[in-house]
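What follows is the residue order along each chain.
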Amino acid sequence: MECRYCVRQFRTVKEVIEHEKEKHLAKPLRKTQFFKCNECSVVFTSQEVLTGHYGDHVDLNLLNDKIEELQYQIEALKEECPFCRIFMASRKSFRAHLLKHHWLACKSLASVVPTDEEIKKEIDELTASMVDDEDDEDVDIEIIEVKKEVKDEIQDYGYPAS
């Protein structure tokens, strides 16, 4: 049985009800628990909100597809972690487990990669701020050098240069 408010799992309904009453429905007697993002260090007050936040850093649909591929390759069950082979009772706890315990693997499988258009737009915005005088040849040369440096850096990270 899984808690309706967090990803904890229990053997019986009675244990879940006791847990929910004590941890989620009772007035808090202790400090609020915080959940920190592995990527950007933003802090949240619930695991569910943190799990949703990870969508800012990885493509969750792509991650789902990649995890299903891995599960198929190793003949794992639907809610069985392909990395540590732990079985989770629900899709919610499975996703939370992946993002919490296997963040680097999830990130490498499904990173949100900017499109070519987004990269070009960012380069243009950065170089536009350098232009004070349109007729200044030094500025034009500087812009060309910056664009070349960015292009070289993009290639160093494995992105195709266009």
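Our structure is the block above this text.
My aim in this report is to walk through the structure given alongside it, one point at a time. (Residues numbered from 1 in each chain as written. Predicted model: local features only at pLDDT ≥ 70, side-chain atom pairs only at ≥ 80, totals over all residues. Heavy atoms only, no water.)

Looking now at the side chain of Ser-93. Its place among the elements puts Ser-93 in helix α4 (residues 91–101). When its relative accessible area of 1% is taken as the criterion, Ser-93 is described as buried. Within the structure, the side chain of Ser-93 is placed 3.1 Å from the backbone oxygen of Ser-90, a separation counted as a polar contact. When residues no more than four places from it in sequence are discounted, the contact partners of Ser-93 are Glu-2, Val-7, Gln-9 and Met-88. (Helix = DSSP H or I, 4+ residues; strand = E, 2+ residues; numbered from the N terminus. Buried < 20%, exposed > 50% of the residue type's maximum accessible area, 1.4 Å probe, protein only. Polar contact = N/O pair within 3.5 Å; in protein donor to acceptor, adjacent residues only side chain to side chain. Contact = heavy atoms within 4.5 Å.)

On to the nonpolar core, then. Grouped together as the largest cluster of nonpolar side chains are 17 residues, with contacts concentrated most on Leu-50, Tyr-54, Leu-63, Phe-94, Leu-98 and Leu-99. Residue assignment for this core shows that the elements contributing at least two residues are α3 (60–73), α4 and α5 (103–110). Once residues lying within four places of it in the same chain are set aside, the contact partners of Phe-94 are Ile-67, Gln-71, Lys-78, Glu-79, Glu-80, Cys-81, Pro-82 and Met-88. (Core = buried A, V, L, I, M, F, W, Y, C linked by side-chain atoms within 4.5 Å.)

Relative to the helices and strands, Cys-6 resides in the segment before α1 (13–25). Overall, the relative accessible area of 13% leaves Cys-6 in the buried class. The sequence separation of Cys-6 and Lys-92 amounts to 86 residues, and the corresponding C-alpha distance is 9.2 Å. Those residues within four positions of Cys-6 in sequence are excluded, and the remaining contacts are His-19, His-24, Glu-48 and Lys-92.

So, on to empty space enclosed by the protein. The final tally for this structure, using the stated rule, is one cavity of 30 Å³ or more. Volume-wise, the largest cavity comes out at about 50 Å³. What lines the largest cavity is simply Leu-60, Leu-63, Asn-64, Ile-67, Phe-94, Arg-95 and Leu-98. Elements supplying a minimum of two residues to the lining of the largest cavity: α3 and α4. (1 Å grid on protein atoms, 1.4 Å probe; cavity = no way out; pocket = protein on both sides within 12 Å on 5 of 7 lines; lining within 4 Å. Points joined across faces, edges and corners; volume = space filled by probe spheres on them.)

The contact between α3 and α4 brings their axes to 12 Å, and the two run at 95 degrees. Taken together, the axes of α3 and α4 lie roughly perpendicular to each other. Between α3 and α4, the contacting residues are Leu-60, Leu-63, Asn-64, Ile-67, Glu-68 and Gln-71 on the first element and Arg-91, Phe-94, Arg-95, Leu-98 and Leu-99 on the second. When its residues are assigned to classes, the contact of α3 with α4 shows six nonpolar, two polar and three charged. (Axes fitted to C-alpha atoms, helices over the stretch in contact; angles between N-to-C directions. Parallel < 35°, antiparallel > 145°, perpendicular 65-115°, else oblique. Nonpolar A, V, L, I, M, F, W, Y, C, P; charged D, E, K, R; others polar.)

We now examine a nonpolar patch on the surface. Judged by side-chain polarity, Met-1, Val-13 and Ile-17 come together as a nonpolar surface patch covering roughly 270 Å² of accessible area. Its place among the elements puts Met-1 in the segment before α1. (Patch = residues over 30% accessible without salt bridge, like charges linked within 9 Å, V, L, I, M, F, W, Y side chains within 5 Å. Areas by Shrake-Rupley, 256 points an atom, 1.4 Å probe, with all protein chains shown as cover. Salt bridge = Lys/Arg side-chain N within 4 Å of Asp/Glu carboxyl O.)

One can find Ser-90 in the loop between α3 and α4. Accessibility expressed as a relative area gives 18% for Ser-90, which makes it buried. A distance of 2.6 Å separates the side chain of Ser-90 from the side chain of Glu-2, its partner in a polar contact. If near-sequence neighbours (up to four positions away) are discounted, Ser-90 is found in contact with Glu-2 and Glu-79.

In short, geometric facts, not functional conclusions.
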